[in-house]
Amino acid sequence: MKTFSQFLLGTSLICLFWTVAEENPFKNFTPYASVWLWSLPENDEITPVKNWKTTSQELTKSQYEQFQKRLATRYNEIRQYITPERIQKLSRWANDEMKYYRPSIPNYRSLKWNVIKCAPTNDKFLLETTLETLPSPHLLAKRWLKAYAVFNTENGYIEWCLITIHGEIRE
């Protein structure tokens, strides 16, 4: 049986390894109160799913209902996370426009989540939704507050959720 100090040493070594690993998939992410909710600066790549395949596949009706059920139990955490200060910190290109930003996050039932990527094992899906349109620094620039979630269809759980800003120039 390991002593508590041996456990702490092992845990510290794991944390040290994770910190220095080059391929840490969450290196630009900022965790919130729990490890399932993260944020990412505007237009950064969602690295944990970068090797997943893009898909037009949808969840089955029962899978989507299970996703909504799980989302309902955690959606207040997402709403509490989305404060003007936090979202302003994610913003890279509209700092002046974001000074007066006040979130108006819809009820989870009114959001449409779309599958955009699938794990190679076909049991995990990355879903995306738009929470709201954000102020932009230019008429041709469009920006949205987005939420992404990884849903595991094998166990019916949302493994993690990510809040970020996606922007693009429309010509």
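Quantities reported herein were computed from a predicted structural model and do not represent experimental measurements. Just so you know, the residues in each chain are numbered from 1, in the order the chain's sequence is written. Under the rules for a predicted model, residues below a pLDDT of 70 receive no local features and side-chain atom pairs below 80 are neither given nor counted, while totals for whole chains, interfaces and linings still include all residues. Just so you know, side-chain values use all the structure's heavy atoms and leave hydrogens and water out.

Peer 1: What am I meant to see in the packing of aromatic side chains here?
Peer 2: Each aromatic ring pair is summarised here by two numbers: the centre-to-centre distance and the angle between the ring planes. Between 30 and 60 degrees the pair is tilted, below 30 it is stacked and above 60 it is edge-to-face, where a pair is any two Phe, Tyr or Trp rings, Trp via its six-membered ring, whose centres lie within 6.5 Å. On inspection of all chains with the given rule, the structure shows four aromatic pairs. With centroids separated by 5.5 Å and ring planes inclined at 80°, the aromatic side chains of Phe67 and Phe151 adopt a geometry described as edge-to-face. You can see Phe67 sitting in helix H2 (residues 61–81) and its partner Phe151 sitting in strand S6 (residues 141–152), a full 84 residues away along the chain. By relative accessible area, Phe67 is classed as buried at 0%. Given a relative accessible area of 1%, Phe151 falls into the buried group. Consider the rings of Tyr75 and Tyr108, whose centres lie 5.8 Å apart with planes at 55°: the pair is tilted. Remark: Tyr108 occurs in the loop between helix H3 (84–90) and strand S4 (114–118) and Tyr75 occurs in helix H2; sequence separation between them is 33 residues. Exposure classes here rest on a 1.4 Å probe applied to the protein chains alone. A residue is buried below 20% of its type maximum, exposed above 50%, and partly exposed in between. On the accessibility criterion, Tyr108 (14% relative accessible area) is buried. Joined through ring pairs, the aromatic side chains of Tyr64, Phe67, Trp113 and Phe151 make up one cluster. The rule is short: NZ of Lys or CZ of Arg within 6 Å of the ring centre and within 35 degrees of the ring normal puts a charge over the ring. A cation sits over an aromatic face here: Arg70 above Tyr157, 3.9 Å from the ring centre. Each helix corresponds to a stretch of at least 4 residues labelled H or I by DSSP, and each strand to a stretch of at least 2 residues labelled E; elements are numbered beginning at the N terminus.

Peer 1: Quick question: what am I supposed to make of the confidence of the model for the chain here?
Peer 2: Residues shown with low pLDDT carry predicted positions that ought not to be read at fine detail. For the chain, the average pLDDT comes to 83, and 80% of its residues sit at 70 or higher. Looking at any residue, its pLDDT shows the predictor's confidence there, from 0 to 100. At the low end of the mean pLDDT range in the chain sits helix H1 (residues 4–20), at 34; at the high end sits S4, at 97.

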